[in-house]
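One-letter residues, chain by chain:
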Amino acid sequence: MEENIRKLMGLLKPMKVNIRPHLKTTKSPILAQKLVDAGATGGCVAKLSEAEVMAEAGFDDLLITCEIVGPVKVRRLVELFRNHRKIQIVVDSEFGAVAVNKALSSSGIEQPIQVLIDLDVGLHRTGVAPESALALAQHISRLSYLKLIGIQGYEGHLQHVHGRETREAQCRASMAILTSTASILRKNGFDIQVVTTGGTGTAEFCATTPGITEVQPGSFIFMDSDYYNAVGGYFSQSLTVLSTVISKSGSEHRVTIDAGLKSLPTDSGFSEPKNMPGVTYTPMGDEHGWLSWDDGPDVPLGARVEMIPSHIDPTVNLHDCYYAHRKGVIEEIWPVATRGKVQ
Ligand code: PLP
Ligand code: MN
């Protein structure tokens, strides 16, 4: 993990962008601080509830990358902002912008909140269409409790594109949408200081695109088999889920471990046992999984098996803490402090 952090900083720092890692991966203020100590400028979180826990733990230089919509959440945002003025938010609608402005205007807080326009650069998940960005900026400029500081355009659909050249070409096309929209806003008088984007699969392409000021990679710190298969082995798989062989049932070429769907998500394929070539994992419901092989040595009852997750973010969200070990010795235990904070 430490080497992954060093490698990321070594790769991106010379490219003169700010590195604001996405903390949706680690969900830990302790790890957020380690990233800042290594050179990051604050962090991103996905959700308001994550930001609340991070800020309470003393880490509040945060961009919340999902829109905050609806009266309950907007009220909570205002209460968070009251004591944590560095918080930045994204908006992709007049509806969302007006609601935050209105709640702030009646809060007694005089400082405006820093806002980025969320732009759709091809993912079609959130974000205003490029042709509508100027109108949204003009609308925001009429809301006195919002201060427009930048634009976010996350190209999540490109992170796992296999083949570096293809991924780079598609990323550069998305970045052209983002930087040209930023230019249009600037030409119309908007002070766009932050242009933020990028994940583990694309950060170096984003960082070398003129006009991008900040990147948001998250998964690089632990990686997972799906990412590793797509982007190669620059970062190593530093997190595993430790399981135990609890039964031998039904076949000589199979054992059952105590890790099923509650331990290892399957949206990006099945996990892989570490350093066990020829052995495959199949989930067997909530609590169990099979390890099977055609030939090779037996796996004994009681054996501890390290499982490499296929998708790191939902995996972390299933576990209470990290056991940070070096050379076989646990050095520290870090809580997954924002576990379950998905609201
Ligand atoms: N930025 C945003 C808005 C994201 O949603 C994500 C992940 O989904 C990231 C950055 C981090 O990307 P990755 O985990 O691929 O490094
Ligand atoms: Mn993910």
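Cut-off values and rules
Residues numbered from 1 in each chain as written. Chains lettered and ligands numbered in written order. Predicted model: local features only at pLDDT ≥ 70, side-chain atom pairs only at ≥ 80, totals over all residues. Heavy atoms only, no water. Pairing = 2+ DSSP bridges. Helix = DSSP H or I, 4+ residues; strand = E, 2+ residues; numbered from the N terminus. Contact = heavy atoms within 4.5 Å. Axes fitted to C-alpha atoms, helices over the stretch in contact; angles between N-to-C directions. Core = buried A, V, L, I, M, F, W, Y, C linked by side-chain atoms within 4.5 Å. Buried < 20%, exposed > 50% of the residue type's maximum accessible area, 1.4 Å probe, protein only. Patch = residues over 30% accessible without salt bridge, like charges linked within 9 Å, V, L, I, M, F, W, Y side chains within 5 Å. Areas by Shrake-Rupley, 256 points an atom, 1.4 Å probe, with all protein chains shown as cover. Salt bridge = Lys/Arg side-chain N within 4 Å of Asp/Glu carboxyl O. Near = heavy atom within 4 Å. Polar contact = N/O pair within 3.5 Å; in protein donor to acceptor, adjacent residues only side chain to side chain. Nonpolar A, V, L, I, M, F, W, Y, C, P; charged D, E, K, R; others polar. pLDDT = per-residue confidence, 0-100. Parallel < 35°, antiparallel > 145°, perpendicular 65-115°, else oblique. Left-handed = near helix turned anticlockwise from the far one by under 90°. Expected span 1.5 Å × (residues − 1).

1. Here's the deal with the sheet that holds strand β3 (residues 62-64)
Ordered in space as β1-β8-β7-β6-β5-β4-β3-β2, the eight strands form an open sheet in which the pairing is parallel. Because the sheet does not close on itself, it has two edges, and the strands there are β1 (18-19) and β2 (43-45). The strands touched by helix α3 (residues 48-56) are β2 and β3; relative to β3, the strand with the most contacts, the crossing angle is about 165°. Contacting β5 (113-118), β6 (146-152) and β7 (194-197), helix α7 (residues 164-187) crosses the sheet at an angle of about 165° to β7.

2. A closer look at the nonpolar core
Core analysis: the largest hydrophobic core is formed by 75 residues, its most contacted members being Ile 64, Leu 77, Ile 89, Ile 113, Ile 140 and Val 215. Setting aside its immediate chain neighbours within four residues, Ile 113 contacts Leu 77, Phe 81, Ile 87, Ile 89, Val 100, Leu 104, Tyr 145, Leu 146 and Lys 147. Counting 15 residues, the second largest nonpolar core, distinct from the first, contains Val 245, Ile 257, Leu 264 and Met 276.

3. Here we look at a nonpolar patch on the surface
A cluster of nonpolar residues, Tyr 323, Ile 330 and Ile 333, forms a patch on the protein surface that exposes about 320 Å² of accessible area. Looking at the element boundaries, Tyr 323 is found in strand β15 (residues 321-326). Residue class for Tyr 323 comes out partly exposed when judged on its relative accessible area of 48%.

4. Observations regarding the site of ligand 1
Taken together, 14 residues are adjacent to ligand 1, and Lys 24, Thr 200, Gln 216, Ser 219 and Tyr 227 come closest. Tyr 227 has a polar side-chain atom sitting 2.5 Å from an oxygen atom of ligand 1. About the coverage of ligand 1: the protein hides 92% of its 390 Å² of free accessible area. The residue inventory of the shell around ligand 1, partitioned by class, reads three nonpolar, nine polar and two charged.

5. Examining unusual backbone geometry
Non-glycine residue His 124 carries a positive phi angle of around 60°. Within the secondary structure, His 124 is located in the loop between β5 and α6 (133-141). Residue class for His 124 comes out exposed when judged on its relative accessible area of 66%.

6. Comments concerning the confidence of the model for the chain
The share of residues in the chain with pLDDT of 70 or more is 100%, and the mean pLDDT across the chain is 98. Here the complex is predicted with pTM 0.98, and the ipTM for its interfaces comes to 0.99.

7. Quick look at the packing of α3 against helix α4 (residues 71-83)
Relative orientation of the contacting elements α3 and α4 amounts to 20°, with a least axis distance of 10 Å. With respect to α4, the axis of α3 lies roughly parallel. The two elements α3 and α4 cross, and the hand of that crossing is left-handed. Note on element contacts: α4 touches α3 through Lys 73, Arg 76, Leu 77 and Leu 80, opposite Leu 48, Ser 49, Ala 51, Glu 52 and Ala 55. Of the residues that constitute the contact of α3 with α4, the class distribution is five nonpolar, one polar and three charged.

8. Things to note about the sheet that holds strand β14 (residues 304-308)
Here we have six strands laid out as an open sheet, ordered β11-β14-β9-β10-β13-β12, and antiparallel in their pairing. Of all the strands in the sheet, just β11 (272-273) and β12 (280-283) have a single pairing partner and so form its edges. Note: strand β9 (residues 241-247) against β14, four bridges, orientation antiparallel. Considered in β14, the bridge of Thr 244 is made with Arg 304.

9. What to know about α7
With 24 residues, α7 extends 34 Å between its outermost C-alpha atoms, agreeing within 8% with the 34 Å of an ideal straight helix rising 1.5 Å per residue. Taken as a whole, α7 has its buried residues at Arg 167, Cys 171, Ser 174, Met 175, Leu 178, Thr 179, Thr 181, Ala 182 and Leu 185. Gly 189, located one to two residues past α7, shows a positive phi value of around 95°.

10. Thoughts on the pairing of β12
The side-chain alternation of β12 yields one buried face, formed by Tyr 281 and Pro 283, and one unburied face, formed by Thr 280 and Thr 282. Here β12 runs beside strand β13 (residues 289-292); their pairing, made up of four bridges, is antiparallel. Following the sheet pairing, Thr 282 is matched in β13 by Trp 290. In this structure, the hairpin formed by β12 and β13 is closed by a connection of five residues, where Gly 285 is found at a positive phi of approximately 95°.

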